[in-house]
Amino acid sequence: MTADFTTAKPTPDLAFISQHLFTAILWVNDELVITWLNAQAEQLLAISSERLLNQSILTLLATDELKLDERDALALNSDQLDNHCALTERFHQAKQYQQPFIDHDHIIRTPLNGNLPLSIDYSVTPVIYEQQPYFIIEMWGKDRQSRISEEQRQQQQYNVARHMLRSVAHEIKNPLAGIRGAAQLLQRQFIKFSEATALHNPPSPAISDINSAQNSDRQLQKTAQKLRSYTDIIISETDRLTHLIGQFLGSNQLPNWQMLNIHEPLEHVLTLVLNQYPQVTLQRDYDLSLPELCADKDQLIQVFLNLINNACESMTEFEQTLQQNAPAKADQLPSDILHSNLEVEKNYQPKLHIQTRVAFQHTIGSQQHKQALQVSITDNGSGIDAALIGQIFFPMVTSRAAGTGLGLSIVQDIISCHHGMIDVSSNQAQSANPNSNPSYNYNNSQTRFTLYLPFKQPATDA
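Residues numbered from 1 in each chain as written. Predicted model: local features only at pLDDT ≥ 70, side-chain atom pairs only at ≥ 80, totals over all residues. Heavy atoms only, no water.

1. Remarks on the overall build of the protein
Check the secondary structure of the protein and you find 15 helices and 12 strands. Expressed as a percentage of the 462 residues in the protein, the buried residues total 37%. Put simply, of all contacts in the protein between residues at least 6 apart along the chain, 67% involve residues at least 24 apart. As displayed, the protein has an accessible area near 27,000 Å², and 52% of this comes from carbon and sulfur atoms. (Helix = DSSP H or I, 4+ residues; strand = E, 2+ residues; numbered from the N terminus. Buried < 20%, exposed > 50% of the residue type's maximum accessible area, 1.4 Å probe, protein only. Contact = heavy atoms within 4.5 Å. Areas by Shrake-Rupley, 256 points an atom, 1.4 Å probe, with all protein chains shown as cover.)

2. What about the pattern of salt bridges?
A full pass over the atoms with the stated rule returns 6 salt bridges. As a salt-bridge pair, Arg 180 and Asp 239 come within 2.5 Å of each other at their nearest N and O atoms. Of this pair, Arg 180 sits in helix α9 (residues 142-199) while Asp 239 is found in helix α10 (residues 207-249), placing the two residues 59 residues apart along the sequence. On the basis of relative accessible area, Arg 180 is assigned to the partly exposed category, the value being 27%. Take Asp 239: its relative accessible area is 33%, and that puts it in the partly exposed class. The residue Arg 284 makes a salt bridge to Glu 267 at a minimum N-O spacing of 2.8 Å. Highlighted residues: Arg 284 in strand β7 (residues 281-285) and Glu 267 in helix α11 (residues 263-274), separated in sequence by 17 residues. Judged by its relative accessible area of 25%, Glu 267 falls in the partly exposed class. (Salt bridge = Lys/Arg side-chain N within 4 Å of Asp/Glu carboxyl O.)

3. Some words on the sheet that holds strand β3 (residues 101-108)
Strand order in the open sheet made by the 5 strands is β2-β1-β5-β4-β3, with antiparallel pairing throughout. Pairing within the sheet leaves two strands with one partner each, and these edge strands are β2 (34-37) and β3. Across the sheet, the mean angle separating the axes of adjacent strands is 30° when strand polarity is ignored. Sheet topology note: the β3/strand β4 (residues 118-129) ladder contains 6 bridges and is antiparallel. In the sheet register, Ile 102 faces β4, and the bridge partner there is Ser 123. Taken strand by strand, helix α8 (residues 86-97) contacts β3, β4 and β5 (132-141), and its axis lies near 155° from that of β3. (Pairing = 2+ DSSP bridges. Axes fitted to C-alpha atoms, helices over the stretch in contact; angles between N-to-C directions.)

4. So, the sheet that holds strand β10 (residues 367-379)
Within the open sheet, the 5 strands sit side by side as β7-β9-β10-β12-β11. Their pairing is mixed. Both edges of this open sheet fall to β7 and β11 (421-427), since each of them pairs with a single strand only. Averaged over neighbouring strand pairs, the angle between their axes works out to 20° when direction is ignored. In terms of strand pairing, strand β9 (residues 351-364) meets β10 through 12 bridges, oriented antiparallel. Of the residues in β10, the one forming a bridge with Thr 356 is Val 375. Seen against the sheet, α11 touches β7, β9 and β10 and runs at an angle of roughly 155° to β9.

5. Digging into the side chain of Thr 356
Position of Thr 356 among the secondary structure elements: in strand β9. Since its relative accessible area comes to 0%, Thr 356 is described here as buried. At 3.0 Å, the side chain of Thr 356 forms a polar contact with the side chain of His 263. If sequence neighbours within four positions are ignored, Thr 356 has contacts with Ile 262, His 263, Leu 266, Asp 285, Tyr 286, Asp 287, Leu 290, Gln 374 and Val 375. (Polar contact = N/O pair within 3.5 Å; in protein donor to acceptor, adjacent residues only side chain to side chain.)

6. As for the packing of aromatic side chains
What the rule picks out here adds up to 6 aromatic pairs. Measuring from ring centre to ring centre gives 4.9 Å for Trp 27 and Tyr 134, while their planes differ by 25°; the resulting arrangement is stacked. Placement of Trp 27 in strand β1 (residues 24-29) and of Tyr 134 in strand β5 is noted, with a sequence separation of 107 residues between them. Note on Phe 91 and Phe 135: the rings are 5.0 Å apart at their centroids and 90° apart in plane angle, and the pair reads as edge-to-face. Here Phe 91 is found in helix α8, whereas its partner Phe 135 is found in strand β5, with 44 residues between them in sequence. The two residues Phe 91 and Phe 135 agree in class, both being buried. Aromatic ring contacts, followed pair by pair, group Trp 27, Tyr 129 and Tyr 134 into a single cluster. (Phe/Tyr/Trp six-rings, centres within 6.5 Å; stacked < 30°, edge-to-face > 60°.)

7. Details of the confidence of the model for the protein
Looking at the protein as a whole, its pLDDT mean stands at 78, while 72% of the residues score no less than 70. The low-confidence segment residues 80-84 (pLDDT under 50) makes 6 contacts with residues lying over four places distant or belonging to another chain. Across residues 431-440, confidence stays below pLDDT 50; counting only partners more than four residues off in sequence or on other chains, it has 26 contacts. (pLDDT = per-residue confidence, 0-100.)

8. So, the pairing of β1
Counting buried positions along β1 gives 5 out of 6 residues, so the element sits mostly inside the fold. In the sheet, β1 pairs with β5 via 6 bridges, with the strands oriented antiparallel. Bridge pairing links Leu 26 to Ile 137 in β5. Note: β1 against β2, 3 bridges, orientation antiparallel. Note that in β2 the partner of Val 28 across the bridge is Ile 34.

Structural data, given as structure tokens:
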């Protein structure tokens, strides 16, 4: 007699599933203490699980209630206590009636991540697990959703602007070649004319006629030289415009994909640039455990060269501006404020901070990556005007007087070719003039460019 055996289907590991969700999830016990969280929660909150575990959920959602001790509670009347303990009471009622609740547009400010504001929506679901009450908290970052939408909108605008500029550049490129060719032919004729004039010997024996002819020849030679200088200008300017158009159009060469350590191109560029700016203090914050990246090394060198060189130039120009404006303040500020202000400016130190990290569950365009490379380049220069932040990667847009507006456009092209993205944030320094805030610390201003690159390229996945 054969027995029928029913094959039991394995129950999926819910913790494993939770680690691969796009939603941030926290597991909170009856005392409102965080006992577990998934990787997306760490990514959203920018706080490690080691720091969040065994912390009260009020540390994230209601720091005011957490600070309320027993003496403060006794000092408040019942209405005031209800207002100060609103979230704690909502948790209590959710557990009592087993009724979930949702809060929208909540701002998280916690010392655990440096009090950086984070806008989220979150839900609280009470559950009974092994006869013990718990709460499942799900969080959705509104900043992340807004960022993705904004990045997609800016990328579309950039693509349209880039297409228009390339179309115009193509229309200009061919006539420029014709202008240069015509100028070269004209220049050769002037050279021949000058040589023929110099060899010409008038047959007239009269001295007066000879002098008159020589004067005429000199005048013709001067005119020919002047006309040659004009053709030189035409040729040099057409060459300059051709080079500019070549930068607009970009390189048609396909990337040379290779596996590399991201710190190799970084260190190569730092060696090149920092020799020119010995006054800049470099701070490295590398994650040496990063996996290798599939990328074009030469193109990444171009990216880092543009970004780091821009940062050093910005800090150098800002330092010079502070020094130049210092005498003007001497005549317009009281002595005590002037002394304090000049000390701050004297102590200004250009600082360049380079950080490499792994970004988990990061969205680039419409693609979600479990892991992506994150490289941050931060300087404490004058910053970027808020009105330019949204257009800084467009061609011909620059915040520097000596800038061409093409460097960041090239960076954007290369990063897009690598299926990555680049983000910029900046808090612009106050104007270094006598009417600015005397207590302002110029070392606090900073501009940060953050690059996100996938570790593998779609074309290389086999």
